[in-house]
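Tertiary structure, described
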Amino acid sequence: MKYIADKNIAMEQLINLYTSVGWSSYTQNPRQLQKAVANSLFAIGAYDQNQLVGLIRVVGDGLTIIYIQDLLVNPAYQRRGIGTKLMNSILKKYNSVRQKVLLTENTVKTRRFYESCNFNPCDKYDLIAFYKDF
């Protein structure tokens with residue numbers, strides 16, 4: 001497995017990865033997805049040979065806050081430590097940033113993963129997250 005920091009990823013690679021995890025809202029507009037990844041603060045792809053099988057991308061200012069926008073691993077490659085390695089790379093790079101935030105679905109699987117990466121659910125601190133649909 002190769003891990004490459006690069007925000008300029010081929011559209012076909014992105015579509016294949018996002019489709020593999022069922023994130024169809026991203027794949028409906030391939031050009032927008034590719035541009036969104038390119039406009040990220042930072043992105044790392046996990047590659048098996050030349051196939052993109054995992055991705056993490058970050059938005060934010062990189063100094064006071066980062067937002068982990070996407071972390072995804074092709075289901076055929078899950079449970080191999082790829083997601084953890086991608087997350088640890090981001091946490092190491094942005095170690096001095098105080099606010100590291102993400103928003104994800106509330107499932108047992110996602111809670112376990114992010115808690116294993118030392119993230120805490122907002123409700124632990126009597127916080128609330130807000131979301132505005134478009």
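Residues numbered from 1 in each chain as written. Predicted model: local features only at pLDDT ≥ 70, side-chain atom pairs only at ≥ 80, totals over all residues. Heavy atoms only, no water.

Another aspect to go through is the nonpolar core. Counting 21 residues, the largest nonpolar core has Ile56, Ile82, Leu86, Met87, Ile90 and Phe119 as the members making the most contacts within it. Mapped onto this core, the elements with two or more residues apiece are β2 (42–48), β3 (51–60), β4 (65–73) and α4 (82–93). Ranked by the residues each element gives to this core, the list is headed by α4, at five residues. In terms of nonpolar packing, the next biggest core, distinct from the first, is built from 12 residues, Leu14, Val37, Leu52 and Leu72 among them. (Core = buried A, V, L, I, M, F, W, Y, C linked by side-chain atoms within 4.5 Å. Buried < 20%, exposed > 50% of the residue type's maximum accessible area, 1.4 Å probe, protein only. Helix = DSSP H or I, 4+ residues; strand = E, 2+ residues; numbered from the N terminus.)

Our next topic: unusual backbone geometry. Phi at Gln49 takes a positive value of approximately 60°, unusual for a residue other than glycine. Looking at where Gln49 falls in the secondary structure, it is placed in the loop between β2 and β3. Of note, Asp126 is a non-glycine position whose phi angle comes to about 60°, a positive value. If you trace the backbone, Asp126 turns up in the segment after α5 (108–116). Asp126 sits in the exposed class, given a relative accessible area of 73%.

Looking now at the UniProt feature "domain: N-acetyltransferase" (unreviewed entry) in the chain. Following the UniProt record, one finds the feature "domain: N-acetyltransferase" (unreviewed entry) at residues 1–134. The span residues 1–134 carries 33% helix and 25% strand; its end-to-end C-alpha distance comes to 37 Å. (UniProt positions renumbered as here; feature names shortened; annotations may be inferred.)

A word on the side chain of Thr110. Note that Thr110 resides in helix α5. On the basis of relative accessibility, which here comes to 14%, the residue Thr110 falls in the buried class. In this structure the side chain of Thr110 is engaged in a polar contact, spanning 2.7 Å, whose partner is the backbone oxygen of Glu105. In this structure the side chain of Thr110 is engaged in a polar contact, spanning 2.9 Å, whose partner is the side chain of Thr107. Residues contacting Thr110, with those up to four places away along its chain left out, are Thr104 and Glu105. (Polar contact = N/O pair within 3.5 Å; in protein donor to acceptor, adjacent residues only side chain to side chain. Contact = heavy atoms within 4.5 Å.)

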